[in-house]
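# Summary of the model geometry
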Amino acid sequence: MLNLEFYLDALFRLLEDIENFSLSNENETIVLQSNYFSYYKGSLVIKHSLPDTSCGIFGVILLNHNEYRINVVKHEWGHNQQEKQLVTIPYIFLIVIPSLNGYFNKVDDYYSQPWEYSADILGGVKRNYNYSITKKRGYGIY
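Figured I'd write up the structure that's included with this text. On a predicted model such as this, the values are computed, not experimentally measured, just so you know.

Conventions adopted
Residues numbered from 1 in each chain as written. Predicted model: local features only at pLDDT ≥ 70, side-chain atom pairs only at ≥ 80, totals over all residues. Heavy atoms only, no water. Helix = DSSP H or I, 4+ residues; strand = E, 2+ residues; numbered from the N terminus. Contact = heavy atoms within 4.5 Å. Areas by Shrake-Rupley, 256 points an atom, 1.4 Å probe, with all protein chains shown as cover. Lys, Arg positive; Asp, Glu negative; His and termini not counted. Charge placed at Lys NZ, Arg CZ, Asp CG, Glu CD. Buried < 20%, exposed > 50% of the residue type's maximum accessible area, 1.4 Å probe, protein only. Axes fitted to C-alpha atoms, helices over the stretch in contact; angles between N-to-C directions. Parallel < 35°, antiparallel > 145°, perpendicular 65-115°, else oblique. Nonpolar A, V, L, I, M, F, W, Y, C, P; charged D, E, K, R; others polar. Polar contact = N/O pair within 3.5 Å; in protein donor to acceptor, adjacent residues only side chain to side chain. Core = buried A, V, L, I, M, F, W, Y, C linked by side-chain atoms within 4.5 Å. Pairing = 2+ DSSP bridges.

Here we come to the overall build of the protein. When helices and strands are counted, the protein shows 6 helices and 4 strands. Traced from its N-terminal end to its C-terminal end, the protein shows the element sequence α-α-β-β-β-β-α-α-α-α. Principal-axis analysis of the C-alpha atoms gives the protein an extent of 60 × 35 × 30 Å. Considering only contacts in the protein between residues 6 or more positions apart, those separated by 24 or more positions represent 37%. In the form shown here, the protein has an accessible surface area of approximately 9000 Å², with 60% of it arising from carbon and sulfur atoms. Taking the average place of the 12 positive charges on the side chains of the protein and the average place of its 15 negative ones, the gap between the two points comes to 10 Å.

Printed below as a string of structure tokens:
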């Protein structure tokens, strides 16, 4: 049996995103308030329900539907800027793979890693970074 209420609600949310969609959006709050998709500083943003993760790749920001932090939108947009500077294949090897390694291995001071730190810089995020971790591991800064 079809749940008409569910489909009508999904349609309403979709129409809401279409109505609020703007190619000139630079407001992180609009991104966070979207239901399925939006646009942010030249990047398509797609909301998803994968557990506890967001990313920026192929010029798209894939944002967890439960995300509420402005800094996450800015940070993932920063990753898109890294990809534009490096182009996709080097970006995957120099940013994506080390980032995933740090994420899945639960690296201390995750955002102090150079690929994450530089995404913050490009996205306009300010955090407290542990530079000694970066030096201790022998990382250069991107």
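The next thing to look at is helix H5 (residues 114-123). With 8 of 10 residues buried, H5 is to be regarded as a mostly interior element. Those residues of H5 not exposed but buried are Pro-114, Trp-115, Glu-116, Tyr-117, Ser-118, Ala-119, Asp-120 and Gly-123. One or two residues past the end of H5 sits Gly-124, with phi positive at roughly 85°.

Before going further, it helps to examine the packing of helix H3 (residues 70-86) against H5. Closest axis-to-axis distance for the H3/H5 pair is 7 Å, and the angle between their directions is 100°. With respect to H5, the element H3 is oriented roughly perpendicular. Contacts between H3 and H5 involve Lys-74, His-75, Trp-77, Gly-78, His-79, Gln-81, Gln-82 and Gln-85 from the former and Trp-115, Glu-116, Ser-118, Ala-119, Asp-120, Leu-122 and Gly-123 from the latter. Classifying every residue of the contact of H3 with H5 gives 4 nonpolar, 8 polar and 3 charged.

Turning to the side chain of Ser-54, a few remarks are in order. Topologically, Ser-54 is positioned in the loop between strand E2 (43-48) and strand E3 (55-57). A polar contact is formed between the side chain of Ser-54 and the backbone nitrogen of Asn-64, at a distance of 3.0 Å.

Here we take up the nonpolar core. In this structure, Val-31, Leu-32, Tyr-40, Val-45, Ile-61, Leu-63, Val-72, Val-73 and Trp-77 together form the largest nonpolar core, which totals 9 residues. Elements supplying a minimum of two residues to this core: helix H2 (28-33), strand E4 (60-64) and H3. Ile-61 has contacts with Tyr-40, Ser-43, Leu-44, Val-45, Ile-46, Cys-55, Gly-56, Val-73, Glu-76, Trp-77 and Asn-80, leaving out every residue within four places of it along the chain.

Moving on, we get to the sheet that holds strand E1 (residues 37-40). Within a sheet, adjacent strands bond to each other through the backbone by hydrogen bonds, running parallel or antiparallel. Taking strand neighbours across the sheet as the criterion, the 4 strands line up as E1-E2-E4-E3 in an open arrangement whose pairing is mixed. In this open sheet, the two strands that pair with only one neighbour each are E1 and E3. Pairwise comparison of adjacent strand axes, ignoring direction, gives a mean angle of 25° for this sheet. In terms of strand pairing, E3 meets E4 through 3 bridges, oriented antiparallel. Across the sheet, Gly-56 pairs through a bridge with Ile-61, a residue of E4. Set on the sheet, H3 makes contact with E1, E2, E3 and E4; between it and E4 the angle comes to about 155°.

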